[in-house]
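Residues per chain are reported as follows:
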Amino acid sequence: MKDLARTYRLPQTTTPENLGEGWRCLLTFGNRVLLAGHFYNKGDRWYGAAYEFTTDDHSCEGEIRLTAVSEAAFEDDGHAIAWAMNS
């Protein structure tokens, strides 16, 4: 997971507010923040990532920690978010 996080430049810990500045497709889903990111490497690809809140502060300033990054590439952001929902 760390190699993929580095490839996609995903921070290990951050806030939803900071994450939203770099990625346009974010979704708060219960205790998690889900992300669909776009990456161009030998063609377009989308990836999914999931973060979890580390405290009871679930506001835009609450700390979140990266818990999963998809190894698979997806054709669009919807499929990437669907993967993150199930991760």
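Residues numbered from 1 in each chain as written. Predicted model: local features only at pLDDT ≥ 70, side-chain atom pairs only at ≥ 80, totals over all residues. Heavy atoms only, no water.

Draft legend 1. Local environment of the overall build of the protein. Assigned secondary structure in the protein consists of 3 helices and 5 strands. Starting at the N terminus and ending at the C terminus, the protein contains elements arranged as α-β-α-β-β-β-β-α. Computed over C-alpha atoms, the radius of gyration of the protein comes to 12 Å, within 12% of the 12 Å expected from 2.2 N^0.38 for 87 residues, which places it in the range of a compact globule. Each of the three principal axes of the protein carries a C-alpha extent, and together these read 40 × 20 × 20 Å. Within the protein, the proportion of its 87 residues that are buried is 39%. Relative to all contacts within the protein whose residues are 6 or more apart in sequence, the contacts with residues 24 or more apart total 50%. (Helix = DSSP H or I, 4+ residues; strand = E, 2+ residues; numbered from the N terminus. Rg over C-alpha atoms; globule rule 2.2 N^0.38 Å. Buried < 20%, exposed > 50% of the residue type's maximum accessible area, 1.4 Å probe, protein only. Contact = heavy atoms within 4.5 Å.)

Draft legend 2. Molecular detail of the sheet that holds strand β1 (residues 13–14). Taken together, 5 strands build an open sheet; the order of strands is β1-β5-β4-β3-β2 and the sheet is antiparallel. What marks the edges here is a single partner per strand, and that holds for β1 and β2 (25–29). Across 9 bridges, the pairing between strand β3 (residues 32–40) and strand β4 (residues 44–53) is antiparallel. Pairing of Leu35 across the sheet is with Ala49, part of β4. Of the strands in this sheet, β2, β3, β4 and β5 (64–69) touch helix α3 (residues 77–85), which is tilted by about 140° from β3. (Pairing = 2+ DSSP bridges. Axes fitted to C-alpha atoms, helices over the stretch in contact; angles between N-to-C directions.)

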